Amino acid sequence: MSDQAYNFAYLDEGTKRMIRRAILKGIAVPGYQVPFASREMPMPYGWGTGGVQVTAAVLTPGDVLKVIDQGADDTTNAVSIRKFFQRTAGVATTERTNEATMIQTRHRIPETPLTGDQILVYQVPIPEPMRFLEPRETETRRIHALADYGLMQVRLYEDIARHGEIATSYAYPVEVAGRYVMDPSPIPKFDNPKLDDCPAIQLFGAGREQRIYALPPYTHVRSLDFEDHPFTASKADHACAICGSGTSYLDEVITDDAGGRMFVCSDTDYCAQNAKGGA
Amino acid sequence: MTAQILSEGFKDAARDGAHAFRAILTAMARPGTIATLQAASGPAPISPAAATVLLTLCDRTTPLHLAGAHDNPELRDWIAFHCASPFVSAENATFALGDWAALQPVDRFGIGTPEYPDRAATLIVDRHDFDAAPTRLTGPGIRDTATLALPEARAFAANHGLFPLGWDAILTSGSRLAALPRSTEIS
Ligand SMILES: [Zn+2]
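Residues numbered from 1 in each chain as written. Chains lettered and ligands numbered in written order. Predicted model: local features only at pLDDT ≥ 70, side-chain atom pairs only at ≥ 80, totals over all residues. Heavy atoms only, no water.

Chemist: Can you help me understand the layout of surface pockets in this one?
Modeler: Where empty space is left can be seen by rolling a probe of water-molecule size over the atoms. In this model, the largest pocket occupies a volume close to 440 Å³. For the largest pocket, the lining is made up of 23 residues, of which Met18(A), Arg21(A), Ala22(A), Thr94(B) and Asp118(B) are closest to its centre. Every element with two or more residues in the lining of the largest pocket is listed here: helix H1 (13–28) and strand E1 (34–35) of chain A together with strand E7 (168–173) of chain B. At five residues, the largest contribution of residues to the lining of the largest pocket is made by H1(A). A class-by-class count of the residues in the lining of the largest pocket yields 14 nonpolar, four polar and five charged. Empty space within the second largest pocket amounts to approximately 190 Å³. Along the walls of the second largest pocket sit 14 residues, with Tyr45(A), Gly46(A), Gly48(A), Val124(A) and Pro125(A) positioned nearest its centre. (1 Å grid on protein atoms, 1.4 Å probe; cavity = no way out; pocket = protein on both sides within 12 Å on 5 of 7 lines; lining within 4 Å. Points joined across faces, edges and corners; volume = space filled by probe spheres on them. Helix = DSSP H or I, 4+ residues; strand = E, 2+ residues; numbered from the N terminus. Nonpolar A, V, L, I, M, F, W, Y, C, P; charged D, E, K, R; others polar.)

What follows is the structure, encoded as structure tokens:
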């Protein structure tokens, strides 16, 4: 049962309407960052207030919500957000990707393929893919307006010149439906191919920067690269020490004071199911 | 009349609005999908689906243009009570409501600017004929191809030609609703 001191999903109806209108315009112009008036939320900005606001505006009473942080359901951040929606919206929650109708995520896309019955909401710290190259908002807005993305290409080329390959391994920029260059949030570039042609609706919320953007299902999403340096979705060249998966994204964890280390799946639900032989 | 106005809004604003928005989002994100929406009803000729859209998305911050038969005193009163949207000319509208013929010419509506393509109108095309000959659709939100009856395929194709500018459309009739974002290609 939800806490009656709050409106359903915390936000007032006027705020939800404003966010809902922004989401619809984001869907209509895939990859374009729609400005919205971000609200104060009862949690710090670093905790994904943009994603929380998008989830609050999209959530229905019948949803089953999963929240992950770096692939894990049990971090403080993920647990707090899950409890927040249990309390304010009374929705059911799950740690299983295939049971969830809505998934809010920070820094990962689940390993289990998403379906057309799901919505994935990303917490975004910095929505502008060119922010580090061009700090002026007026200038990045002009670049997007003209699709003048040469600067981005130059940066990636410089990466190749310096490192022999494209070294950007998180928040690797993508081109959406042949038009806008978009920051997929700090997911590992290993996850980039999952953005493309995805059956689920993908929504992105940046609270501090007050931007919402979206990928409708089955949108063509291409990681930027060059003919002589094609994009590769790299991961650690190991198998998971727990479930043995050779295909999932791995975190390196320190196991003891002597510097012992091992590689385990970052997606804890996938790992648990795979260990049981069920993934 | 006041009692009638009161009785035709959402019974539970937060929950009815949440379900209605999910239906509208699904329709906009998956062009060709027809959703059922009837959480509200208003004075003729507005359909329950269009009335539900207004209650879900429109308020005092969204200037609304009423076209043709939808521009009548009873419906104005109902909208003033439930949404408080200011009534404006087509050129200044964030939302527009009317049947397709009354919304003409559609090039009056805002299409956004290159810097802010989101500042574009959303047309609620009411009394839409969902059973007319279907048009073939491709683009974001569509796996391979989809089909949907459109009031005038050529107008939607011209609007898509403006992408990333352009208006977006929500088609309604009775309790049925579909949507066509500017990103959809018409073939
Ligand atoms: Zn594992």
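Let us keep going from here.
Chemist: Help me understand the nonpolar core in this model?
Modeler: In summary, soluble globular proteins display a tendency toward joint burial of nonpolar side chains. Counting residues in hydrophobic clusters, the biggest one holds 85 residues, and the most contacted among them are Ile23(A), Leu203(A) and Leu54(B). Ignoring any residue separated from it by four or fewer positions in sequence, one finds Leu203(A) in contact with Ile23(A), Ile27(A), Val54(A), Val58(A), Ile119(A), Leu120(A), Val121(A), Tyr122(A), Tyr213(A) and Ala214(A). Counting 24 residues, the second largest nonpolar core, distinct from the first, contains Ala90(B), Leu123(B), Leu137(B) and Ala155(B). (Core = buried A, V, L, I, M, F, W, Y, C linked by side-chain atoms within 4.5 Å. Buried < 20%, exposed > 50% of the residue type's maximum accessible area, 1.4 Å probe, protein only. Contact = heavy atoms within 4.5 Å.)

Chemist: I keep staring at the coordination of the zinc ion and nothing clicks. Help me out?
Modeler: Under perfect tetrahedral coordination by four donors, a metal shows angles of 109.5 degrees; under perfect octahedral coordination by six donors, it shows angles of 90 or 180 degrees. Residues and elements named next belong to chain A. Here the zinc ion is held by the protein donor atoms Cys240 (SG), Cys243 (SG), Cys265 (SG) and Cys271 (SG), which lie 2.2 to 2.4 Å from it. Its four donor atoms give the zinc ion angles of 105 to 116° at the centre, a pattern that matches the tetrahedral case. Along the chain, the residues donating to the zinc ion fall in the pattern C-x2-C-x21-C-x5-C. Residue Cys243 is located in the loop between strand E10 (221–223) and strand E11 (250–254), and its partner Cys271 is located in helix H7 (residues 268–275); the two are separated by 28 residues in the primary sequence. The exposure classification of Cys243 matches that of Cys271, with both residues buried. (Donors = N, O, S within 2.8 Å, 3.2 Å for Na, K, Ca; no water. Tetrahedral: all angles 85-135°; square planar, octahedral: opposite > 155°, others 65-115°.)

Chemist: Mind showing me how you'd approach the packing of aromatic side chains here?
Modeler: Tallied over the full model, the rule gives 11 aromatic pairs over all chains. Between Tyr32(A) and Tyr180(A), the ring centres sit 5.7 Å apart and the planes meet at 55°, which makes this aromatic pair tilted. Of this pair, Tyr32(A) sits in the loop between H1 and E1 while Tyr180(A) is found in strand E7 (residues 180–182), placing the two residues 148 residues apart along the sequence. Residue Tyr32(A) is classed as buried on the basis of its relative accessible area of 4%. Seen from their ring centres, Phe156(B) and Trp167(B) are 5.3 Å apart, and the 85° between their planes marks the pair as edge-to-face. Of this pair, Phe156(B) sits in helix H6 (residues 153–160) while Trp167(B) sits in the loop between H6 and E7, and the two are 11 residues apart along the sequence. (Phe/Tyr/Trp six-rings, centres within 6.5 Å; stacked < 30°, edge-to-face > 60°.)

Chemist: Could you clarify how one ought to interpret the sheet that holds strand E6 (residues 146–149) of chain B in this entry?
Modeler: Two modes of strand pairing occur in sheets, parallel and antiparallel, and in both the strands are linked by backbone hydrogen bonds. All names here are of chain B. One open sheet holds the three strands; their spatial order is E6-E5-E9, and the pairing between them is antiparallel. Every other strand in the sheet has two partners, leaving E6 and strand E9 (185–186) as the edge strands with one partner each. Pairing of strand E5 (residues 134–138) with E9 involves two bridges; the strand directions are antiparallel. Across the sheet, the residue bridging to Leu137 is Ile186, located in E9. (Pairing = 2+ DSSP bridges.)

Chemist: Explain helix H4 (residues 73–82) of chain B to me, please; I cannot follow it from the model alone.
Modeler: Spacing of three or four residues puts side chains on the same side of an α-helix, whose turn is 3.6 residues. Residues and elements named next belong to chain B. Every buried residue belonging to H4 is among Leu75, Trp78 and Ile79, and all of these are buried. What you see down the axis of H4 is that its buried residues fit within an arc of 95°, all on one side. One side-chain oxygen at the N-terminal end of H4 lies 3.1 Å from the backbone nitrogen of Glu74; it belongs to Asn72. Immediately beyond the C-terminal end of H4, within one or two residues, lies Ala84, with a positive phi of roughly 65°. (Arc of directions from axis to C-beta. Polar contact = N/O pair within 3.5 Å; in protein donor to acceptor, adjacent residues only side chain to side chain.)

Chemist: What is the right way to look at the domain arrangement of chain A in this model?
Modeler: It is common to give the size of an interface as the accessible area that goes away when the parts come together. Residue and element names in this part refer to chain A. Looking at chain A, the domain boundaries give domain 1 (13–132 + 143–223) and domain 2 (235–279). On a C-alpha basis, the centroid separation for the pair domain 1 and domain 2 is 24 Å. Opposite the 15 residues of domain 1 that make contact, domain 2 presents 11 residues. Among the residues domain 1 hides against domain 2, the three largest losses belong to Arg96, Glu111 and Phe190. Together they make up 46% of the total. Scanning the region where domain 1 abuts domain 2 turns up one salt bridge. Between Asp269 and Arg96 there is a salt bridge whose closest N-O contact spans 3.1 Å. A per-class count over the side of domain 1 that touches domain 2 returns five nonpolar, four polar and six charged. (Domains from an automatic or database assignment. Buried area = accessible area lost by both parts, 1.4 Å probe. Salt bridge = Lys/Arg side-chain N within 4 Å of Asp/Glu carboxyl O.)

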